[in-house]
Amino acid sequence: MQSVGSTAVSNSPRVLRGRSKAPVFVLGCPRSGTTLLYHMLLSAGNFVVYRSESQVFNLLDSRFRDLGKSRNKRKLLTAWGDSALFSRTGLDVAQVESEVMEKCQNAGDFLRIVMEAMAKKQGVERWADCTPEHLLFLQRIKETIPDALVVHIIRDGRDVALSLAKQKWIRPFPWDRGLDLLVAALYWEWIVKRGQEGAKFLGSDYCEVRYEKLVENPKNTLAQLGAFIGQELDYDRIEQVGIGSVSEPNSSFRNESELGKFHPVARWKAALSEDRLRDLECLVGDTLSNLGYERITSESDTPNRGALKRMRAQYRAYFNGKWILKTKTPLGRVFGFRDLSWV
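The rules we used
Residues numbered from 1 in each chain as written. Predicted model: local features only at pLDDT ≥ 70, side-chain atom pairs only at ≥ 80, totals over all residues. Heavy atoms only, no water. Helix = DSSP H or I, 4+ residues; strand = E, 2+ residues; numbered from the N terminus. Buried < 20%, exposed > 50% of the residue type's maximum accessible area, 1.4 Å probe, protein only. Contact = heavy atoms within 4.5 Å. Pairing = 2+ DSSP bridges. Axes fitted to C-alpha atoms, helices over the stretch in contact; angles between N-to-C directions. Parallel < 35°, antiparallel > 145°, perpendicular 65-115°, else oblique. Left-handed = near helix turned anticlockwise from the far one by under 90°. Nonpolar A, V, L, I, M, F, W, Y, C, P; charged D, E, K, R; others polar. 1 Å grid on protein atoms, 1.4 Å probe; cavity = no way out; pocket = protein on both sides within 12 Å on 5 of 7 lines; lining within 4 Å. Points joined across faces, edges and corners; volume = space filled by probe spheres on them. Phe/Tyr/Trp six-rings, centres within 6.5 Å; stacked < 30°, edge-to-face > 60°. Lys NZ or Arg CZ within 6 Å of the ring centre and 35° of its normal.

A. The arrangement of the environment of Leu 283 in detail. When you line up the elements, Leu 283 lands in helix 15 (residues 274-290). Take Leu 283: its relative accessible area is 4%, and that puts it in the buried class. In this structure, the C-alpha to C-alpha distance between Leu 283 and Glu 189, residues 94 residues apart in sequence, is 9.2 Å. Leave out the neighbours within four places in its chain, and Leu 283 touches Leu 182, Leu 186, Glu 189, Leu 308 and Arg 312.

Structure follows, in structure tokens:
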């Protein structure tokens, strides 16, 4: 694992709690192992068991904005109370309503109030969040939850692209139909880099975990992570409790589990043809190398590298533009204004 960034500065009046009770955000590109690591923390004990993504910073914050206004807090409580995000908490709205109305000023306050209410009900001392897209909101998280610890789990982009393409979560432009794998790889590169850039605001409260090390050497990896979050992570206990994907892999390739051939590390070696691998590495090979993943092909051997570079520039501009519209303009309310019953 690696700590990244400079020391974060906060003007919040809140007294920062000890690291052993601080909230932990397990974030990363989708299909990178966020759910697995999150369920490992829950299985370790003393964490709120909430089997869902909170969607607070990527969805609720953009929709309701200024929670210093009572009318926005009322709207938030109504929308949230009618959604699966609420039903999975095991709470009554009344258990958080008064504190939200009196003390909530922003999305971080709301998440803390809800999670601490669950912690009190479950008799535990801390909580965690695993909404992957929160990786894009690290500065906002740190501003509103100053004692937050962020764990960025990173997985080989070739395996992530395979999984994302299979799920069809990242859609290419109409003229790039059939290039789902390459577009997924570009999204992986974009969000990982955005996360690392955001880590500059977190200092020693940020660390990175490689998915491959977590899977292949869980005891040692969890021991290091435990030192970071201030809590012993006993792998034997984690396996015994076995919440969620600890005991049942959350894989896009479920047939592997059914056949007893579940090998989530370097799946791309058998799944990608030479041509597909060459094109993918032409697009994101430098990022793979910078993250410590071995590159197999050479960019000079890619005959269509000019077209691929133009494709890379187009999608980077698209991902950046969509993110800016959502977070920096009034159109963010349109992006965020969705019926929460689907989550």
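B. Inspection of the pairing of strand 5 (residues 206-210) at higher detail. Within strand 5, 5 of the 5 residues are buried, leaving the element largely enclosed by the surrounding structure. The side-chain alternation of strand 5 yields two buried faces, one formed by Tyr 206, Glu 208 and Arg 210 and the other by Cys 207 and Val 209. The sheet contact formed by strand 4 (residues 149-154) and strand 5 spans 5 bridges and is parallel. Residue pairing for strand 5: Ile 154 is matched across the bridge by Arg 210.

C. Structural detail: the packing of helix 8 (residues 157-167) against helix 9 (residues 180-198). Between helix 8 and helix 9, the least distance of the axes is 8 Å, while the angle of their chain directions is 125°. When the axes of helix 8 and helix 9 are compared, the pair comes out oblique. Our pair here, helix 8 against helix 9, has a crossing hand that is right-handed. The segment helix 8 lies against helix 9, with Gly 157, Val 160, Ala 161, Leu 162, Leu 164 and Ala 165 engaging Asp 180, Leu 181, Ala 184, Ala 185, Tyr 187 and Trp 188. Of the residues contributing to the contact of helix 8 with helix 9, the split by class is 10 nonpolar, 1 polar and 1 charged.

D. Summary view of the layout of surface pockets. In this structure, the second largest pocket spans a volume of roughly 450 Å³. Lining the second largest pocket are 19 residues, and of these Leu 136, Phe 137, Arg 140, Trp 323 and Lys 328 lie nearest its centre. Elements with a contribution of two residues or more to the lining of the second largest pocket: helix 2 (56-64), helix 7 (138-144), helix 9 and helix 16 (305-328).

E. Structural detail: the packing of aromatic side chains. Tallied over the full model, the rule gives 12 aromatic pairs. With a centroid separation of 6.1 Å and an interplanar angle of 45°, the aromatic rings of Tyr 315 and Phe 319 are classed as tilted. Remark: Phe 319 and Tyr 315 occur in helix 16; sequence separation between them is 4 residues, near one turn of the helix. Considered together, Tyr 315 and Phe 319 belong to a single accessibility category, that of buried residues. Every member of this aromatic cluster is reached through a ring pair, and the members are Phe 173, Trp 175, Tyr 187, Trp 190, Tyr 315, Tyr 318 and Phe 319. In this structure, Arg 158 is placed above the aromatic ring of Trp 268, and the distance from its NZ or CZ to the ring centre is 3.9 Å. Its guanidinium or amino end placed over the ring of Trp 323, Arg 194 lies 4.0 Å from that ring's centre, counting from NZ or CZ.

F. Molecular detail of empty space enclosed by the protein. For the structure shown, the criterion picks out 2 cavities of 30 Å³ or more. Each pocket or cavity is described by its volume, and for the largest cavity that value is around 70 Å³. Every residue lining the largest cavity is listed: Tyr 50, Ser 54, Val 56, Leu 60, Trp 80, Leu 85, Thr 89, Phe 110, Leu 111, Val 114, Met 115 and Met 118. Elements with a contribution of two residues or more to the lining of the largest cavity: helix 2 and helix 6 (107-122). Ranked by the residues each element gives to the lining of the largest cavity, the list is headed by helix 6, at 5 residues. Across the lining of the largest cavity, the residue classes break down as 10 nonpolar, 2 polar and no charged. When its volume is computed, the second largest cavity comes out at roughly 30 Å³. Taken together, Val 56, Leu 60, Asp 61, Phe 64, Leu 67, Leu 76, Ala 107 and Phe 110 make up the full set of residues lining the second largest cavity. In terms of residue count, the dominant contributor to the lining of the second largest cavity is helix 2 (4 residues). Considered class by class, the residues forming the lining of the second largest cavity number 7 nonpolar, no polar and 1 charged.

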